[in-house]
Amino acid sequence: MHFHVMTLFPEMVLDGLRTSIIGRAEEKGCISIEAVNIRDYTLDKHKKVDDYTYGGGAGMLMQAQPVYDCWQALEERIAQRKGAKHRTRVIYVTPQGEVFHQKRAAELSQEEDLIFLCGHYEGIDERVLEEIVTDYISIGDYVLTGGELPAMVLIDAVSRLVPGVLNNGESAQTESHANGLLEYPQYSRPEIWHERRVPEVLLSGHHANIEKWRMEQSLERTKERRPELYEAYIKSCQILQK
Ligand code: ADE
């Protein structure tokens with residue numbers, strides 16, 4: 001899977017993602033991450049990429065031309081590699097998008113290429129968004145200073161679902177949100193720590209009992225911490241039973 005990030009701060013994206021599991025996945029060739037500097041495409045002789053907003057208001061807006069030319073160059077390169085006129089999905093990370101969730105991560109992990117567009121200042125001229133953006137995604141109902149961190153969050157969440165990225169193939173299936181519930185609590189050695197014992201059932205070696213205990217814990221934890229997820233899960237079970 002190939003990730004392409006259009007940004008004013010390429011080092012931020014690459015430095016943040018080329019570590020740990022995602023860095024290793026790139027070295028192994030499971031994924032590739034490139035960050036393209038939008039500023040390299042401005043036709044302004046002072047390398048400017050932003051300007052005042054029509055109608056007034058605070059702050060500057062990223063202009064359409066450098067964003068569009070950057071996208072066009074990327075899109076052409078991707079099409080050349082694929083040998084086809086294929087339109088790659090362009091995700092604009094913005095607080096005005098649909099809030100990101102695990103199902104969307106799973107769906108995006110099926111794509112061969114994904115382009116991310118990171119905004120700065122007060123945003124990006126609407127006209128270029130209309131022409132190139134296919135998906136508007138937010139990482140939560142709060143506002144960050146730029147799109148780089150959200151793009152990195154999405155790339156991390158999507159990458160770990162790409163085959164070969166995680167060592168243990170099972171872990172992506174049993175973790176929180178994979179089945180609509182939060183994950184059960186987990187324990188490692190020692191058996192007693194600060195006078196706290198590992199639950200007896202986990203030491204029993206009885207797999208059916210362990211599975212049952214874990215499911216109960218998942219349900220309890222989800223009900224307590226994320227009641228809306230719990231309700232949705234119960235509803236989906238009722239529909240399946242009908
Ligand atoms: N850019 C600024 N804030 C954001 C958010 N919450 N999600 C996605 N992109 C953003």
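Since the model is a prediction, treat every value here as computed from it, not as a measurement.

### Details of a nonpolar patch on the surface
Together, Phe 9, Met 12, Tyr 142, Leu 144 and Leu 149 line one region of the surface with nonpolar side chains, adding up to about 440 Å² of accessible area. Position of Phe 9 among the secondary structure elements: in the loop between strand E1 (2–7) and helix H1 (10–17). Residue classification places Phe 9 among the partly exposed residues on the basis of a relative accessible area of 36%.

### Digging into the packing of helix H8 (residues 207–225) against helix H9 (residues 227–241)
Packed helices, taken two at a time, are described by the angle their axes make and the gap between the axes. Running from amino to carboxyl end, H8 crosses H9 at an angle of 125 degrees, the nearest separation of the two axes being 5 Å. Considering their axes alone, H8 and H9 lie oblique with respect to each other. Here Met 215, Leu 219, Thr 222, Lys 223, Glu 224 and Arg 225 of H8 come into contact with H9, specifically with Pro 227, Leu 229, Tyr 230 and Tyr 233. Here the contact of H8 with H9 is built from residues that sort into six nonpolar, one polar and three charged.

### Here's the deal with the side chain of Thr 222
On the secondary structure map, Thr 222 appears in helix H8. Reaching out from Thr 222, the side chain makes a polar contact with the backbone nitrogen of Leu 182 at a distance of 2.9 Å. If we ignore the near neighbours within four places in the chain, the residues touching Thr 222 are Leu 181, Leu 182, Pro 227, Leu 229 and Tyr 230.

### As for the nonpolar core
Within the largest apolar cluster, 29 residues are counted, with the highest numbers of intra-cluster contacts made by Phe 3, Ile 31, Ile 33, Ile 91, Phe 100 and Phe 116. Mapped onto this core, the elements with two or more residues apiece are E1, H1, helix H2 (20–28), strand E2 (32–37), strand E5 (90–99), helix H4 (102–108), strand E6 (113–118) and helix H6 (148–159). Ranked by residues supplied to this core, first place goes to H6 with six residues. Val 49, Val 90, Ile 124 and Leu 129 belong to the second-largest nonpolar core, a separate cluster that totals 20 residues.

### Details of the site of the ligand
Near the ligand you find Val 93, Thr 94, Pro 95, Ile 137, Ser 138, Ile 139, Gly 140, Tyr 142, Val 143, Leu 144, Gly 146 and Pro 150, and these make up its full shell. One of the backbone N or O atoms of Thr 94 is found 3.1 Å from a nitrogen atom in the ligand. When the free accessible area of the ligand is taken as 260 Å², the share hidden by the protein chains comes to 96%. Going through the elements one at a time, E5 and strand E7 (135–138) are the ones with two or more residues in the shell around the ligand. Top element by residues in the shell around the ligand is E5. It accounts for three residues. A breakdown of the residues in the shell around the ligand according to their chemical character gives eight nonpolar, four polar and no charged.

### Some points on the pattern of salt bridges
This model, assessed by the stated rule, comprises 15 salt bridges. Each of Arg 89, Glu 98, Arg 104, Glu 107, Glu 111 and Asp 135 takes part in a single network of salt bridges with overlapping partners.

### Details of the sheet that holds E1
Picture the strands of a sheet paired through backbone hydrogen bonds; they go either parallel or antiparallel. If you walk across this open sheet you meet the five strands as E2-E1-E6-E5-E7, and the pairing is parallel. The open sheet has two edge strands with one neighbour each: E2 and E7. Across this sheet, the average inter-strand angle for adjacent strands is 35 degrees, counted without regard to direction. One ladder, built from five bridges, connects E5 with E7; its direction is parallel. Looking at E7, one finds that Glu 98 is bridged to Ile 137.

### As for the domain arrangement of the protein chain
Splitting the protein chain by domain gives domain 1 (2–159) and domain 2 (175–241). Inter-centroid distance (C-alpha atoms) of domain 1 to domain 2 is 36 Å.

### Looking at the environment of Val 162
Secondary-structure assignment places Val 162 in the loop between H6 and helix H7 (171–174). Along the primary structure Val 162 and Glu 111 are separated by 51 residues, whereas in three dimensions their C-alpha atoms are 9.8 Å apart. If near-sequence neighbours (up to four positions away) are discounted, Val 162 is found in contact with Met 1, Cys 30 and Ile 31.

Rules used in this analysis
Residues numbered from 1 in each chain as written. Predicted model: local features only at pLDDT ≥ 70, side-chain atom pairs only at ≥ 80, totals over all residues. Heavy atoms only, no water. Patch = residues over 30% accessible without salt bridge, like charges linked within 9 Å, V, L, I, M, F, W, Y side chains within 5 Å. Areas by Shrake-Rupley, 256 points an atom, 1.4 Å probe, with all protein chains shown as cover. Salt bridge = Lys/Arg side-chain N within 4 Å of Asp/Glu carboxyl O. Helix = DSSP H or I, 4+ residues; strand = E, 2+ residues; numbered from the N terminus. Buried < 20%, exposed > 50% of the residue type's maximum accessible area, 1.4 Å probe, protein only. Axes fitted to C-alpha atoms, helices over the stretch in contact; angles between N-to-C directions. Parallel < 35°, antiparallel > 145°, perpendicular 65-115°, else oblique. Contact = heavy atoms within 4.5 Å. Nonpolar A, V, L, I, M, F, W, Y, C, P; charged D, E, K, R; others polar. Polar contact = N/O pair within 3.5 Å; in protein donor to acceptor, adjacent residues only side chain to side chain. Core = buried A, V, L, I, M, F, W, Y, C linked by side-chain atoms within 4.5 Å. Near = heavy atom within 4 Å. Pairing = 2+ DSSP bridges. Domains from an automatic or database assignment.

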